[in-house]
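Overview (structure and organization)
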Amino acid sequence: EAGVAQSPRYKIIEKRQSVAFWCNPISGHATLYWYQQILGQGPKLLIQFQNNGVVDDSQLPKDRFSAERLKGVDSTLKIQPAKLEDSAVYLCASSSRLAGATDTQYFGPGTRLTVL
Amino acid sequence: AQSVTQLDSQVPVFEEAPVELRCNYSSSVSVYLFWYVQYPNQGLQLLLKYLSGSTLVESINGFEAEFNKSQTSFHLRKPSVHISDTAEYFCAVKVFSGGYNKLIFGAGTRLAVHP
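Residues numbered from 1 in each chain as written. Chains lettered and ligands numbered in written order. Predicted model: local features only at pLDDT ≥ 70, side-chain atom pairs only at ≥ 80, totals over all residues. Heavy atoms only, no water.

**Brief notes about the interface of chain B and chain A**
Basically, it comes down to this: In this analysis, two residues are considered to be in contact whenever any of their non-hydrogen atoms come within 4.5 Å of each other. Simply put, the buried area is the total loss of 1.4 Å probe accessible area from both parts when two parts are fitted together. Salt bridges are counted wherever a side-chain nitrogen of Lys or Arg sits within 4 Å of a carboxyl oxygen of Asp or Glu. Each helix corresponds to a stretch of at least 4 residues labelled H or I by DSSP, and each strand to a stretch of at least 2 residues labelled E; elements are numbered beginning at the N terminus. Note that Gly is not counted as nonpolar here; it falls among the polar residues with everything else outside the nonpolar set of Ala, Val, Leu, Ile, Met, Phe, Trp, Tyr, Cys and Pro and the charged set of Asp, Glu, Lys and Arg.
Of the residues lining the interface, 19 residues belong to chain B; the matching set on chain A comes to 25 residues. Taking both partners together, chain B and chain A bury about 1800 Å²; carbon and sulfur atoms supply 50% of that area. Considering only the surface of chain B that becomes buried against chain A, B:Leu44, B:Tyr100 and B:Asn101 emerge as the three largest contributors, covering 27% of it. Viewed at the interface, chain A and chain B are joined by one salt bridge. Between A:Asp56 and B:Lys102 there is a salt bridge whose closest N-O contact spans 3.7 Å. Put simply, the parts of the chain that give the side of chain B that touches chain A at least two residues each are strand 5 (32-38), strand 6 (44-50), strand 10 (87-97) and strand 11 (100-105) of chain B. For the side of chain B that touches chain A, the element with the highest residue contribution is strand 11 of chain B, accounting for five residues. Tallied by class, the residues present in the side of chain B that touches chain A amount to 10 nonpolar, six polar and three charged.

Below, the structure is given as structure tokens:
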């Protein structure tokens, strides 16, 4: 079974530029998550999808961040414009059930973003 | 609000020595607890989890964790570590809030195993 795929693995941009990250979850997984992991901290949930609907985006800075999962499969996270404090690893995860309490989240390798 | 505290940011240890990585959580309701491991330049991998039943849970590579409700702890232990265990370890609690479940992570503990 293929794992969660993410691209690119690394991205360096200048502040005020735009950037997009792509995630393809494990086949058949209904729930998809985007996390932000700042150096020295644990992952923080940005947004959670169930199929193609948003379940929770309370921690997403909506003035600059956006995410979509149009067909309920892969997803794109965008930052426009980027700030220095957006430098982090962006992790995508997926789980099989509709955000069940006991189901396991499987993580991709992440995209390391550096904003100069 | 629910939270997870990992008391040690870094734990250096010699190979074949025992290790304990500490984790405390705050929650007033039933909890589901997890330990994830992150090797350099890789994503998080589930190490073990407590959902219900026996308070002692084990992983396939020799780690174990014990759920202690009275102390609100879920410490991770291994009796003898290997160089390959060098990684960052994250404790997490799954909470039900606002109609959905979400994982809350601690800040992580960097385990460095020295020869």
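**Digging into the layout of surface pockets**
We count it as follows: Only protein atoms enter the 1 Å grid used here. Points where a 1.4 Å probe fits but cannot escape make up a cavity, open sets with protein on both sides within 12 Å along at least five of seven lines make up a pocket, and a residue lines them when an atom lies within 4 Å of a point. Grid points are joined across faces, edges and corners, and a volume is the space filled by probe spheres set on the points.
Of the volumes computed, that of the largest pocket is approximately 630 Å³. Lining the largest pocket are 33 residues, with A:Leu39, A:Arg112, B:Gln38, B:Glu88 and B:Arg110 positioned closest to its centre. Of all elements in the fold, only strand 9 (88-95) and strand 11 (111-115) of chain A together with strand 10 and strand 12 (109-114) of chain B reach the threshold of two or more residues within the lining of the largest pocket. For the lining of the largest pocket, the leading source of residues is strand 11 of chain A, giving four residues. Of the residues in the lining of the largest pocket, the class split is 15 nonpolar, 14 polar and four charged. Of the pockets and cavities examined, the second largest pocket occupies roughly 240 Å³. Considering the residues around the second largest pocket, the lining is formed by 13 residues, among which A:Lys44, B:Lys102, B:Leu103, B:Ile104 and B:Phe105 are closest to the centre.

**A look at the pairing of strand 6 of chain B**
All names here are of chain B. Quick reminder of the rule: Strand pairing requires that DSSP identify at least two bridges connecting the strands.
Judged from the six bridges that link them, strand 5 and strand 6 form a sheet pairing that is antiparallel. Each residue of the ladder has a partner; that of Tyr36, found in strand 6, is Leu46. Where strand 5 hands over to strand 6, the hairpin turn is made up of five residues, of which Asn41 adopts a positive phi near 60°.

**Some details on the environment of B:His75**
All names here are of chain B. Inclusion rule: A 3.5 Å cut-off defines polar contacts: any pair of N or O atoms within that distance qualifies, except that in protein one atom must be a possible hydrogen donor and the other a possible acceptor, and neighbouring residues in sequence count only when both atoms are side-chain atoms.
On the secondary structure map, His75 appears in strand 9 (residues 73-78). For the pair His75 and Gln42, spaced 33 residues apart in sequence, the C-alpha to C-alpha distance is 23 Å. The residues contacting His75, other than those within four sequence positions of it, are Glu20, Leu21, Arg22, Cys23, Asn24, Trp35, Glu64, Ala65 and Glu66. At 2.9 Å, the side chain of His75 forms a polar contact with the backbone nitrogen of Cys23.

**Structural notes on the pattern of salt bridges**
Under the defined criterion, the tally for this structure stands at eight salt bridges over all chains. Note that A:Arg64 and A:Asp86 form a salt bridge whose closest N and O atoms lie 2.5 Å from each other. Of the two residues, A:Arg64 sits in the loop between strand 6 (53-56) and strand 7 (65-68) while A:Asp86 sits in the loop between strand 8 (75-79) and strand 9, which places them 22 residues apart along the sequence. Put simply, B:Glu20, B:Glu66 and B:Arg77 are held in one network by salt bridges that share partners.

**A word on the sheet that holds strand 7 of chain A**
Residue and element names in this part refer to chain A. To be explicit about the condition: The axes used here are C-alpha line fits, helices contributing only the stretch in contact, and every angle between their N-to-C directions lies in the interval 0 to 180 degrees.
As summarised here, the arrangement of the four strands in space is 1-3-8-7, forming an open sheet in which the pairing is antiparallel. A single partner strand is all that each edge strand has here, and the edge strands are strand 1 (5-7) and strand 7. Each adjacent strand pair in this sheet contributes to an overall mean axis angle of 15°, direction not counted. In the sheet, strand 3 (residues 19-24) pairs with strand 8 via five bridges, with the strands oriented antiparallel. Residue pairing in the sheet places Phe21 in a bridge with Leu77 of strand 8.

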